[in-house]
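The residues making up each chain are set out below.
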Amino acid sequence: MPILRHRRFYLYALLAGFVFRLFFIVHFPVTTDDDTVFYAEIAKTWVDHGTYGQMKDGVPKPTYTRLPGYPAFLAAVFFVFGDSQYLPVLLIQTLFDLGSCLFIAALARAMFGEGAALTALWVSILCPFTANYAAVALTETLSIFFTTLTLWSAVKGILVLEETRNWGTKWWLLCGFGIAGATLFRPDGIMLFMVLGIFLCWQLV
């Protein structure tokens, strides 16, 4: 397999990406942003009182002002590591971000070949505009992960459809999982469903 022949390049890229993101985590962590505090409050209220909401006058009040993806992520991390433990949050986000880079490389490989995959991997690994989000306790990193998962699985499904005239159900199930994940973290994730839905309707016609 091509990825095995170039496994050293992938390992070097992932190591470089981890160190790069660790630099941002050590020197430029963002854990006191107003949105971060709000997400954390929802997560703590959810864990401590079983209510998806905020504490008001000592009483948990339900809220619908944020999607549940990131509060659920924070709640899971806080439950395991303790309240307001943001270092595990940022380190886990780093792993998700590296996963996004691998999906970007896999997407490039599926469309253009192994050379494009290696280039895409290094470009995404060293892109500071997305890498720095691993050090920010907000939705962006996980949203990007599910978006890249969606696009990769959609392209795999489209290629199967074009080559075999079969729908490749597993790829579209994975694509649906990615769309659901992206939408649970950010409302604009629904645009993935809209775009792919229009394309598939065109394919059916």
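Right, let's walk through the structure included here. (Residues numbered from 1 in each chain as written. Predicted model: local features only at pLDDT ≥ 70, side-chain atom pairs only at ≥ 80, totals over all residues. Heavy atoms only, no water.)

### Topic: the packing of aromatic side chains
For the coordinates displayed, the defined rule picks out 18 aromatic pairs. Residues F96 and F145 carry aromatic rings whose centres are separated by 4.9 Å and whose planes lie at 85° to one another, so their mutual orientation is edge-to-face. On the criterion of sequence distance, the pair formed by F96 in helix α5 (residues 86–112) and F145 in helix α8 (residues 140–164) is long-range, its members being 49 residues apart. By relative accessible area, which is 13% here, F145 ends up buried. Considering the side-chain rings of F146 and F177, the 5.9 Å spacing of their centres and the 65° angle between planes classify their relative orientation as edge-to-face. Residue F146 is located in helix α8, and its partner F177 is located in helix α9 (residues 169–185); the two are separated by 31 residues in the primary sequence. Here F146 falls in the buried class, since its relative accessible area comes to 10%. Ring pairing ties together the aromatic residues Y39, Y70, F73, F96, F103, F145, F146, W152, W171, F177 and F185, which thus form one cluster. Here R66 stacks its cationic end above the ring of Y39, 5.7 Å away from the centre of that ring. (Phe/Tyr/Trp six-rings, centres within 6.5 Å; stacked < 30°, edge-to-face > 60°. Helix = DSSP H or I, 4+ residues; strand = E, 2+ residues; numbered from the N terminus. Buried < 20%, exposed > 50% of the residue type's maximum accessible area, 1.4 Å probe, protein only. Lys NZ or Arg CZ within 6 Å of the ring centre and 35° of its normal.)

### Description of the side chain of D97
The residue D97 is located in helix α5 in this model. D97 gets classed as buried once you look at its relative accessible area, which sits at 2%. Discounting residues that sit within four places of it in the chain, D97 has contacts with R21, T130, A131, A134 and T141. (Contact = heavy atoms within 4.5 Å.)

### Some words on the pairing of strand β2 (residues 59–62)
Where strand β1 (residues 53–56) and β2 come together, 4 bridges link them in antiparallel fashion. When the sheet's bridge partners are listed, K56 is paired in β2 with V59. What sits between β1 and β2 in their antiparallel hairpin is a turn of 2 residues, with D57 showing a positive phi close to 55°. (Pairing = 2+ DSSP bridges.)

### Points about the state of the cysteines
Counted under the stated rule, the structure contains 0 disulfides. Between C127, a free cysteine, and C101, which holds the nearest cysteine sulfur, the sulfur-to-sulfur gap is 8.6 Å. With no disulfide partner, C201 has as its closest neighbouring cysteine sulfur the one in C175, 13 Å distant. Judged by relative accessible area, C201 falls into the partly exposed class, the value being 48%. (Disulfide = S-S within 2.5 Å.)

### What about the environment of V89?
Tracing the backbone shows V89 in helix α5. Owing to a relative accessible area of 0%, V89 belongs among the buried residues under this scheme. When the C-alpha positions of V89 and A137 are compared, they lie 7.2 Å apart, and in sequence the two are 48 residues distant.

### Some points on α8
Its 25 residues give α8 an end-to-end C-alpha distance of 36 Å, which sits within 8% of 36 Å, the value for a rise of 1.5 Å per residue. At the exit of α8 stands R165, carrying a positive phi of roughly 65°. (Expected span 1.5 Å × (residues − 1).)

### Observations regarding the environment of T183
As for its placement among the helices and strands, T183 is situated in helix α9. If near-sequence neighbours (up to four positions away) are discounted, T183 is found in contact with L67, G189 and I190. Looking at T183, its side chain comes within polar contact range of the main-chain oxygen of I179, at 2.8 Å. (Polar contact = N/O pair within 3.5 Å; in protein donor to acceptor, adjacent residues only side chain to side chain.)

### Things to note about a nonpolar patch on the surface
Taken together, the side chains of L15, F18, V19, L22, V26, L87, L91 and L95 make up a nonpolar region of the molecular surface, amounting to roughly 700 Å² of accessible area. Elements that contribute at least two residues to the nonpolar patch include exactly α2 (7–27) and α5. Looking at the nonpolar patch element by element, the count peaks at 5 residues for α2. Mapped onto the elements of the fold, F18 is located in helix α2. You can call F18 partly exposed: its relative accessible area is 31%. (Patch = residues over 30% accessible without salt bridge, like charges linked within 9 Å, V, L, I, M, F, W, Y side chains within 5 Å. Areas by Shrake-Rupley, 256 points an atom, 1.4 Å probe, with all protein chains shown as cover. Salt bridge = Lys/Arg side-chain N within 4 Å of Asp/Glu carboxyl O.)

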